[in-house]
Amino acid sequence: VTRNQGVNWTVQAPSASLTLSVGVSRGDQSVTLVSASSVATGDLIWLYENVSTETSFNTVRRQVFCVQSVSGSVVTFTSTIRMPFSTSASVTHYSNPQPFTLRNGTIAYNNAPADQFTPSLLRLQGLRGPRVDGVTVYSDQAWKSGGPDGMGIRMTFCEAARYTSFHCEGVSYGIDVETCSNTIIQGVTGTNVRHPVAVAGWSVGTQIQGLSTSQVWQTIESHSAFDTSYANVFAARDE
């Protein structure tokens, strides 16, 4: 599939706003909402709050959760809350996030964009368990220091995503993992990219297993994230 500058795809679950009735602390595993009548097991909840004390990556504290159970106005998650949130925090509810699979293909840019972040070739947002397998993202203008060329796949507010056998070339970011939880990425190769995999935005529990690069700027790049791990990394001629 060939894409032109300024064109991108977004796959996103339906979303709505909710309200916390009680603040939460680090280590909690449930929240109390003003109303949880629309929330069901398997849905995703995204908490975010502006905080002036944070200086890394920007001043928004945030985390995404998968709903384990609902009892009245109390929603219990499958994982613990890693940061405190007050009742002024915003709550986004992604309802009934359907599976999504992208398998065996190449997505290529024509006339690569001048911005390193947007547009992305593909954006996955508010999904549970998306799968990307055997996919290549390619830009017709190889990235070089100071000249970014957009993102390959940008993933935000997703849970339990799985990537296997992914290749990126020419783009600024191959896979951008932002505010996601429990992501596993197995087998990434990158050539002439800025970041083959970037883990950011307070993502939790990202595992990168098997990463091989050549002529990239930073093979390993993760910040403002919890529990990110890398295994079996090989880098050649990186900047």
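Residues numbered from 1 in each chain as written. Predicted model: local features only at pLDDT ≥ 70, side-chain atom pairs only at ≥ 80, totals over all residues. Heavy atoms only, no water.

1. Describing the sheet that holds strand β18 (residues 221–222)
Part 1 of the argument: Spatial ordering of the open sheet is given by β2-β10-β12-β14-β16-β18, a layout of six strands whose pairing is parallel. Both edges of this open sheet fall to β2 (9–12) and β18, since each of them pairs with a single strand only.
Part 2 of the argument: Where strand β12 (residues 151–156) meets strand β14 (residues 173–178), five bridges bridge the pair, whose relative direction is parallel. What sits directly across from R154, in β14, is D176. (Pairing = 2+ DSSP bridges. Helix = DSSP H or I, 4+ residues; strand = E, 2+ residues; numbered from the N terminus.)

2. Looking at the confidence of the model for the protein chain
Part 1 of the argument: Per-residue confidence for the protein chain gives a mean pLDDT of 87; residues scoring 70 or more make up 86%.
Part 2 of the argument: Mean pLDDT in the protein chain bottoms out at strand β1 (residues 2–4), which sits at 54, and peaks at strand β7 (residues 74–77), which reaches 98. (pLDDT = per-residue confidence, 0-100.)

3. Considerations on the packing of aromatic side chains
Pairs of aromatic rings are described using the distance from one ring centre to the other and the angle between the two planes.
Part 1 of the argument: Going through the model one piece at a time under the given rule, you end up with six aromatic pairs.
Part 2 of the argument: The interplanar angle of 90 degrees and the centroid separation of 6.3 Å between the aromatic rings of Y163 and F166 together place this pair among those described as edge-to-face.
Part 3 of the argument: On the accessibility criterion, F166 (2% relative accessible area) is buried.
Part 4 of the argument: Members of the aromatic cluster, joined through ring pairs, are W46, Y48, Y94 and F157. (Phe/Tyr/Trp six-rings, centres within 6.5 Å; stacked < 30°, edge-to-face > 60°. Buried < 20%, exposed > 50% of the residue type's maximum accessible area, 1.4 Å probe, protein only.)

4. Some details on the sheet that holds strand β6 (residues 60–71)
Part 1 of the argument: One open sheet holds the six strands; their spatial order is β3-β8-β5-β6-β7-β4, and the pairing between them is antiparallel. Pairing within the sheet leaves two strands with one partner each, and these edge strands are β3 (15–18) and β4 (30–32). Averaged over all adjacent pairs, the angle separating strand axes in this sheet is 35 degrees, with direction ignored.
Part 2 of the argument: Alignment of β4 against β7, held across three bridges, turns out to be antiparallel. Across the sheet, residue S30 finds its bridge partner in β7, namely T76. (Axes fitted to C-alpha atoms, helices over the stretch in contact; angles between N-to-C directions.)

5. Points about the environment of S214
Part 1 of the argument: Here S214 lies in strand β17 (residues 207–214).
Part 2 of the argument: The spacing of S214 and E239 is 25 residues in sequence and 9.3 Å in space, taken between C-alpha atoms.
Part 3 of the argument: One polar contact links S214 to R237, side chain to side chain, over a distance of 2.9 Å. (Polar contact = N/O pair within 3.5 Å; in protein donor to acceptor, adjacent residues only side chain to side chain.)

6. Some thoughts on unusual backbone geometry
Part 1 of the argument: The backbone phi angle of W202 is positive, close to 65 degrees, even though this residue is not glycine.
Part 2 of the argument: Along the chain, W202 falls in the loop between β16 (195–200) and β17.
Part 3 of the argument: Classification of W202 as buried rests on a relative accessible area of 11%.
Part 4 of the argument: The backbone of N232 shows a phi angle near 60 degrees, a positive value even though the residue is not glycine.

7. Structural notes on the side chain of Q125
Part 1 of the argument: Counting through the fold element by element, Q125 comes out in strand β10 (residues 120–125).
Part 2 of the argument: According to the relative accessible area criterion, Q125 is buried, its value standing at 10%.
Part 3 of the argument: Side-chain polar atoms of Q125 contact the side chain of R123, separated by 2.9 Å.
Part 4 of the argument: Excluding residues that lie within four positions of it along the chain, Q125 makes contacts with V11, Q12, A13, Y94, T156, F157 and C158. (Contact = heavy atoms within 4.5 Å.)

8. Remarks on the pairing of β17
Part 1 of the argument: Bridge analysis of strand β15 (residues 184–191) against β17 gives seven bridges, and the strand direction is parallel. Along β17, the bridge assignment pairs V188 with L211.
Part 2 of the argument: Looking at chain direction, β17 and strand β19 (residues 229–236) are connected through seven bridges and run parallel. Considered in β19, the bridge of S212 is made with F234.

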